[in-house]
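# Working through the structure, step by step
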Amino acid sequence: MTRDGATLVGRLISCKDASRAISQMQDGNVPFPLYLRIRLHLIWCEACKRFEQQMRFLHTAMRRYRQ
Amino acid sequence: MTEADFASRCNSHRGYLLRVAVLQLRDNDLAEDIVQDTLVAALQGAQGFSGRSSLKTWLTGILKHKIVDAIRRKTREPAFASLDEECQIEDFDALFDESGHWENPPADWGDPESQLSRAQFFDIMQFCLDKLPPNTARVFMMREVMELESNEICKELSITSTNLWVILYRARMALRQCLEQNWFAQAGRGT
């Protein structure tokens, strides 16, 4: 499912590019078309969905680290 | 609270302040000086501490200014350069196959938030932060601990926003991998 899903939208954006953009989204705005492609990618791709959740978690963990 | 109580409460955060300063300055002596300055400034400005934020957060705010000043002075020294090799985004390309799919997709971390109440988790986090390359750690700490905006970091370090994104991406990829290997993959955590 993961791989098939990723392949289906792979023409739009790869996991490699998605992972870069997901990180970039934490530091400022990404262009809207790119944002849409990421959101679409995340609907299908379990691996990147997990990656995105982990990036959010990392941010939360760093907030706790400094508190 | 007496002055002595306040001083000893401030001092109890010395270890944390020092770890944060070392990660950004990569110079133990300088970091010691900066933390000392921070604690002195904190005692002198004790009235400025309203108690609305935690003492640790307040001290981190003072440390932030001291570190930015130190970095400003330091970036004029040639030894501080060598940022280029940490701006290569290709290093993590090995995690993906030729078509851009994950070679080893991120593992299931279960309910990671539940780990945040465990002190050992932050020991592993510190271990992972200490393993980052110098400039990568510096930039990541400026962003996530000092909470500087992207454009401020670019300005202080004289780097482009593309460089900044690449370095932060590298930091997050490395930390993600390190936490997965050293914490979440251990028995009983994550999956």
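Owing to the predicted nature of the structure, the values given are computational and were not obtained by experimental measurement.

The secondary structure content of chain B amounts to eight helices and zero strands. Ordering the α and β elements of chain B from the N terminus gives α-α-α-α-α-α-α-α. Relative to its 191 residues, chain B shows a buried fraction of 48%. Put simply, 74% of the contacts in chain B that link residues at least 6 apart link residues at least 24 apart.

Taken together, the contact pairs 28 residues of chain A with 45 residues of chain B. Between chain A and chain B lies a buried interface of about 3,400 Å² when both sides are counted; carbon and sulfur atoms form 61% of it. A per-residue breakdown of the area chain A buries against chain B is headed by Phe-57, Tyr-65 and Arg-66 of chain A, which together make up 24% of the total. Taken together, the connections running from chain A to chain B amount to three salt bridges.

Next up on the list: the environment of Leu-63 of chain B. Residues and elements named next belong to chain B. Within the secondary structure layout, Leu-63 lies in helix H4 (residues 55-74). Along the chain, Leu-63 and Thr-38 lie 25 residues apart, while their C-alpha atoms are 5.6 Å from each other. If near-sequence neighbours (up to four positions away) are discounted, Leu-63 is found in contact with Leu-17, Val-20, Ala-21, Ile-34, Val-35, Thr-38 and Met-146.

Quick look at the nonpolar core now. Core analysis: the largest hydrophobic core is formed by 82 residues, its most contacted members being Tyr-65 of chain A together with Leu-63, Phe-121, Met-125, Leu-129 and Leu-179 of chain B. When residues of this core are assigned to their parent elements, the largest contribution, twelve residues, is made by helix H8 (residues 161-184) of chain B. Apart from residues lying up to four places away in sequence, Leu-129 of chain B is in contact with Met-62 and Tyr-65 of chain A together with Leu-23, Arg-26, Ala-137, Phe-140, Met-141 and Leu-175 of chain B.

Moving on, we get to the pattern of salt bridges. For the structure shown, the criterion picks out ten salt bridges over all chains. Ionic pairing is found between Glu-46 of chain A and Lys-49 of chain A, a salt bridge with its closest N-O pair at 3.3 Å. In this pair, Glu-46 of chain A and Lys-49 of chain A are both assigned in helix H4 (residues 46-66), three residues apart and thus about one turn of the helix distant. When its relative accessible area of 38% is taken as the criterion, Glu-46 of chain A is described as partly exposed. Judged by its relative accessible area of 26%, Lys-49 of chain A is partly exposed. Notably, a salt bridge pairs Glu-147 of chain B with Arg-66 of chain A, separated by 3.0 Å at the nearest N-O pair. Here Glu-147 of chain B is found in the loop between helix H6 (134-144) and helix H7 (150-157), whereas its partner Arg-66 of chain A is found in helix H4 on a different chain. Judged by its relative accessible area of 45%, Glu-147 of chain B falls in the partly exposed class. Under the relative-accessibility criterion, Arg-66 of chain A is labelled buried at 11%. When salt bridges with common partners are traced through the structure, they connect Asp-27 of chain A together with Arg-143, Glu-144 and Arg-172 of chain B into a single cluster.

Right, let's get into the side chain of Ser-19 of chain A. With respect to the helices and strands, Ser-19 of chain A occurs in helix H2 (residues 15-25). We classify Ser-19 of chain A as buried; its relative accessible area is 0%. The residues contacting Ser-19 of chain A, other than those within four sequence positions of it, are Phe-51 of chain A together with Phe-96, Trp-102, Tyr-169 and Met-173 of chain B.

Conventions adopted
Residues numbered from 1 in each chain as written. Chains lettered and ligands numbered in written order. Predicted model: local features only at pLDDT ≥ 70, side-chain atom pairs only at ≥ 80, totals over all residues. Heavy atoms only, no water. Helix = DSSP H or I, 4+ residues; strand = E, 2+ residues; numbered from the N terminus. Buried < 20%, exposed > 50% of the residue type's maximum accessible area, 1.4 Å probe, protein only. Contact = heavy atoms within 4.5 Å. Buried area = accessible area lost by both parts, 1.4 Å probe. Salt bridge = Lys/Arg side-chain N within 4 Å of Asp/Glu carboxyl O. Core = buried A, V, L, I, M, F, W, Y, C linked by side-chain atoms within 4.5 Å.

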